[in-house]
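# Descriptive analysis of the structure
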Amino acid sequence: MEHALTSRAGAGSGYLPDVKALIGNPLLAPMPPQPVAPPEPDASEGFLPRERPSHQICTAERVLKILLESNLARVRADSVAETLGMSGTTLRRRLRQDHTCYQFLLDRVRQYRCERSLRDRWRPGKCLADELGYLEVNSFYRAFQRWTGLTYSQYREQSGY
């Protein structure tokens, strides 16, 4: 049976079927600096994108890895920044360079974990909200509806739990 979390491709602020698929995604790669006047393309050069140096890993990718392995009820942006060896301000700046923000990545990881949890078995909303790091159950319910287009109770009815 297909779950509503995977069937609503346009739900909310954007659907990502698998957060782990984001790791290594070229869309999260930093944008190369744009020259003021682009040079004329050399015929021998081709139109291949520039490769990033191996030491320059996308900050968003590193944050996703940390969030996927963390207890979402306890992880905060400052602790992620500390794990990466940078200040909170630097983390925000680097994520902005990657055209994203910490809250967006956290929301995607929460959506991924919610989907995985509900795939295994039904859980009361209060339990899921706590597991996903929401301080208020209503915040979880609003996020769930944004992800799926359904209320939590509508999802339960449709899923046959």
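Residues numbered from 1 in each chain as written. Predicted model: local features only at pLDDT ≥ 70, side-chain atom pairs only at ≥ 80, totals over all residues. Heavy atoms only, no water.

### Regarding the nonpolar core
Quick note on the threshold: Remark: nonpolar core denotes a set of buried residues (Ala, Val, Leu, Ile, Met, Phe, Trp, Tyr, Cys) joined through side-chain atoms within 4.5 Å. Buried means the residue's accessible area, taken with a 1.4 Å probe over protein chains only, is under 20% of the maximum for its type, while exposed means over 50%, and partly exposed covers the values in between. Helix numbering and strand numbering both begin at the N terminus, where a helix is a DSSP run of H or I of at least 4 residues and a strand a DSSP run of E of at least 2. We call two residues in contact when some of their heavy atoms are within 4.5 Å.
In terms of nonpolar packing, the biggest core is built from 34 residues, with Val-63, Leu-67, Val-80 and Phe-140 touching the most fellow members. Broken down by secondary-structure element, the contributors of at least two residues to this core are α2 (59–69), α3 (77–83), α4 (88–97), α5 (102–120), α6 (125–131), α7 (137–148) and α8 (152–159). At seven residues, the largest contribution of residues to this core is made by α5. Beyond its immediate chain neighbours, meaning those up to four positions away, Val-63 contacts Val-80, Leu-84, Leu-91, Leu-95, Tyr-102 and Leu-105.

### Some details on the pattern of salt bridges
The condition that has to hold: The term salt bridge refers to a side-chain nitrogen of Lys or Arg lying within 4 Å of a carboxyl oxygen of Asp or Glu.
All told, the structure shown has four salt bridges when counted by the stated rule. Residue Arg-146 is joined to Asp-107 by a salt bridge in which the shortest nitrogen-to-oxygen separation is 2.8 Å. Of this pair, Arg-146 sits in helix α7 while Asp-107 sits in helix α5; the two residues are 39 residues apart in sequence, bridging distant segments of the chain. What makes Asp-107 buried here is its relative accessible area of 8%. In this structure, Glu-115 engages Arg-119 in a salt bridge whose closest nitrogen and oxygen atoms are separated by 2.8 Å. With Glu-115 and Arg-119 both in helix α5 and four residues apart, this pair spans about one turn of that helix. The exposure class assigned to Arg-119 is partly exposed, which follows from its relative accessible area of 43%.

### Structural notes on a positive patch on the surface
Where we set the bar: Patch membership requires over 30% relative accessible area and the absence of a salt bridge. Like charges are linked within 9 Å, and nonpolar side chains (Val, Leu, Ile, Met, Phe, Trp, Tyr) within 5 Å. Areas reported here follow the Shrake-Rupley algorithm with a probe of radius 1.4 Å; residue values treat only the protein chains shown as occluding. Positive charges are assigned to Lys and Arg, negative charges to Asp and Glu, while His and the chain termini are left out of the count. Throughout, a charge is located at the NZ atom of Lys, the CZ atom of Arg, the CG atom of Asp or the CD atom of Glu.
Taken together, the side chains of Arg-92, Arg-93, Arg-94 and Arg-96 present a region of like positive charge at the surface. By secondary structure assignment, the location of Arg-96 is in helix α4. On the basis of relative accessibility, which here comes to 56%, the residue Arg-96 falls in the exposed class.

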